[in-house]
Amino acid sequence: MRHVKRIATAVALTASAFLVSACSSGTPPDANGSAGGGEPIVNKENRPGRVPSSGLAKGLSLPLEAYMASYQDQVTVERAADDLQRSCMKGYGIDLTLPRAGANPPPSDNDAGMERRYGITDRTEAGKYGYQLPPALREHTERTPRDLSGVEVEVLTGRTKPEPPGTAKGVEGGGPVSSPVRDTQPARAEYHGKKLKKGGCVGWAKSRLGVNEADPVFVAQLAGDSLVRSMKDDRVTEAVAAWSSCMDGKGHKGLADPYRAMGRGAADDGSPSRELIALAVDDVDCKKRTDLVRIWFRVESGIQRRQIADNRARLTGVEQRHGRAMAAARKQIAASAR
């Protein structure tokens, strides 16, 4: 059960991590998805759809997804936040250029990660890439901002600049140590005679847009819990056992659940062998034969509907705050375009 809970938590939160890293900071691309001077940085064809468009999970959407921010919504909020951060920094005499939002789309539109929530589900992709993501989703456009000075970091974040990993004051000779990055400290009170914003320009921008970072975490936690609970349901355990038996019959021994198959099929170099591709194809075929994905989805959907009923007031607040943040973000982007 410890294995099950660890996997469930990872599945529920991985998409969130993808979203944060994919649109962590940046300015909006132009209509052609290019940086200034026509440099292409965004292939919009790689942006995930609202629901899976192929495979056994095609068209599936869990009830809690109604309360999860889509990738496009997150990019929109990030664009607006970047506009505000640059304006804020300029007020302190600092010109700041941030990486552009939306350059690195995640494999799923939101925190549910439906494409691989119950393991791999697309036979065509499995036949080409095994358990790896398609090459377009493994590419990463590096848009590293310039190294900010200590005071610039303070104005931006409201905290001091972290010391590099492996260094610490007071070590004889100033040599490296094995300690993690030292904790930061609160920033100075003012710069050039102007009081710093609470949380720096980053915190100020979030406040202006009404971003509540606790909301997506709460919804993702509910989704993680629903996945854990669904794994204990007799209908799911029976379907998983049937899938495991099917895999055993194809020569893939000792696979208790689809997540173990994914672990076995991972290829670090991104070039899966014929054996790993065969494993992935058999995995999807056994899911189809046992109807595992549909059974699991129906069970988890029922659990989530009960979660929504039990948390109606808080989820309504999540929905309303997201709506207000989106309206504020669109207004900011429109104002910046004028």
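Described in the following lines is the structure provided in the data block. No experiment lies behind these values; they were computed from the predicted model shown. In every chain, residue numbers begin from 1 and rise along the written sequence. Thresholds applied to this predicted model are a pLDDT of at least 70 for local features of residues and 80 or more for the giving and counting of side-chain atom pairs; totals over whole chains, interfaces and linings are not thresholded and use all residues. Only hydrogens and water are removed before side-chain values are computed, so all heavy atoms of the structure are retained for them.

Digging into the side chain of Gln304
Consideration 1: Residue placement: Gln304 occurs in helix H11 (residues 292-310).
Consideration 2: Excluding anything up to four places from it in sequence, Gln304 contacts Leu62, Pro63, Leu64, Arg117, Ala223 and Ser226. Here a helix means four or more residues in a row that DSSP labels H or I, a strand means two or more in a row labelled E, and each is numbered from the N terminus. Here a residue-residue contact requires only that any non-hydrogen atoms of the pair lie within 4.5 Å.

Examining the packing of helix H7 (residues 214-231) against helix H12 (residues 312-337)
Consideration 1: Here, axes are lines fitted to C-alpha atoms. For helices the fit covers the stretch in contact, and angles between N-to-C directions go from 0 to 180 degrees. Where H7 meets H12, the closest approach of the two axes is 10 Å, and the angle between their N-to-C directions is 135 degrees. In this view, H7 runs oblique relative to H12, as classed from their interaxial angle. Pair H7 / H12 crosses with left-handed handedness. Across from Asp215, Phe218, Val219 and Leu222 in H7, the residues of H12 making contact are Arg314, Leu315, Val318 and Arg321.
Consideration 2: All amino acids are sorted into three groups, where Ala, Val, Leu, Ile, Met, Phe, Trp, Tyr, Cys and Pro are nonpolar, Asp, Glu, Lys and Arg are charged, and the leftover types, Gly among them, are polar. Residues that form the contact of H7 with H12 fall into these classes: five nonpolar, no polar and three charged. Angle categories are assigned with fixed cut-offs, so that under 35 degrees is roughly parallel, over 145 is roughly antiparallel, 65 to 115 is roughly perpendicular, and the rest are oblique. For any helix crossing, the convention is left-handed if the near helix is rotated counterclockwise from the far helix by under a right angle, and right-handed if that rotation is clockwise.

Side note on the nonpolar core
Consideration 1: As used in this record, nonpolar core signifies buried Ala, Val, Leu, Ile, Met, Phe, Trp, Tyr and Cys residues forming a set joined through side-chain atoms within 4.5 Å. The rule is simple: take the accessible area with a 1.4 Å probe, protein chains only, and divide by the maximum for that residue type; under 20% is buried, over 50% is exposed, in between is partly exposed. Within the largest apolar cluster, 43 residues are counted, with the highest numbers of intra-cluster contacts made by Leu64, Met114, Tyr118, Val219, Trp243, Trp296 and Leu315.
Consideration 2: For this core, the secondary-structure elements that each account for two or more residues are H7, helix H8 (234-249), helix H9 (258-265), helix H10 (274-290), H11 and H12.
Consideration 3: Apart from residues lying up to four places away in sequence, Trp243 is in contact with Leu255, Ala256, Asp257, Pro258, Ala261, Asp283, Cys286, Lys287, Thr290 and Leu292.
Consideration 4: Membership of the second largest hydrophobic core comes to 14 residues, among which are Leu98, Val155, Leu156 and Tyr191.

Considerations on H8
Consideration 1: In a helix, the anticipated span is given by 1.5 Å times the number of residues less one. An ideal rise of 1.5 Å per residue puts 22 Å on 16 residues; H8 measures up with 22 Å between its terminal C-alpha atoms.
Consideration 2: Among the residues making up H8, those that are buried are Val236, Ala239, Val240, Trp243, Ser244, Cys246 and Met247. An end-on view of H8 places all buried positions within 160 degrees of arc, on one side of the element. For H8, the exposed residues set more than 90 degrees away from the buried face come down to Asp234, Glu238, Ser245 and Gly249.
Consideration 3: Looking at the buried residues of H8, the elements they touch are H7, H9, H10 and H11.
Consideration 4: Within 3.5 Å is the distance limit for a polar contact, defined as a pair of N or O atoms, with the added protein rule that one can donate a hydrogen and the other accept it, and that residues adjacent in sequence qualify only through two side-chain atoms. Its side-chain oxygen at 2.8 Å from the backbone nitrogen of Arg235, Asp233 defines the N-terminal cap of H8.
Consideration 5: With its phi angle positive at about 95 degrees, Gly251 sits one or two positions after the end of H8. Relevant arc is that of directions from the helix axis to the C-beta atoms, nothing else.

A short note on the environment of Arg330
Consideration 1: As for its placement among the helices and strands, Arg330 is situated in helix H12.
Consideration 2: Residues Arg330 and Arg79 lie 251 residues apart in sequence; the distance between their C-alpha atoms is 9.2 Å.
Consideration 3: In this structure, Arg330 is in contact with Asp73 and Thr76, ignoring residues within four places of it in sequence.

Here we look at the pattern of salt bridges
Consideration 1: By definition, a salt bridge exists where a carboxyl oxygen of Asp or Glu is found within 4 Å of a side-chain nitrogen of Lys or Arg. As enumerated under the stated definition, the model contains 14 salt bridges in all.
Consideration 2: Its salt-bridge partner being Arg229, residue Asp225 comes within 3.3 Å of it at the nearest N-O pair. Here Asp225 pairs with Arg229, and both are found in helix H7, just four residues apart, close to one helical turn.
Consideration 3: Between Asp283 and Lys287 there is a salt bridge, with the nearest N and O atoms lying 2.4 Å from each other. Of the two residues, Asp283 and Lys287 are both situated in helix H10; the distance of four residues between them amounts to about one turn of the helix.
Consideration 4: Taking the relative accessible area as the measure of exposure, Lys287 reaches 1% and is therefore buried.

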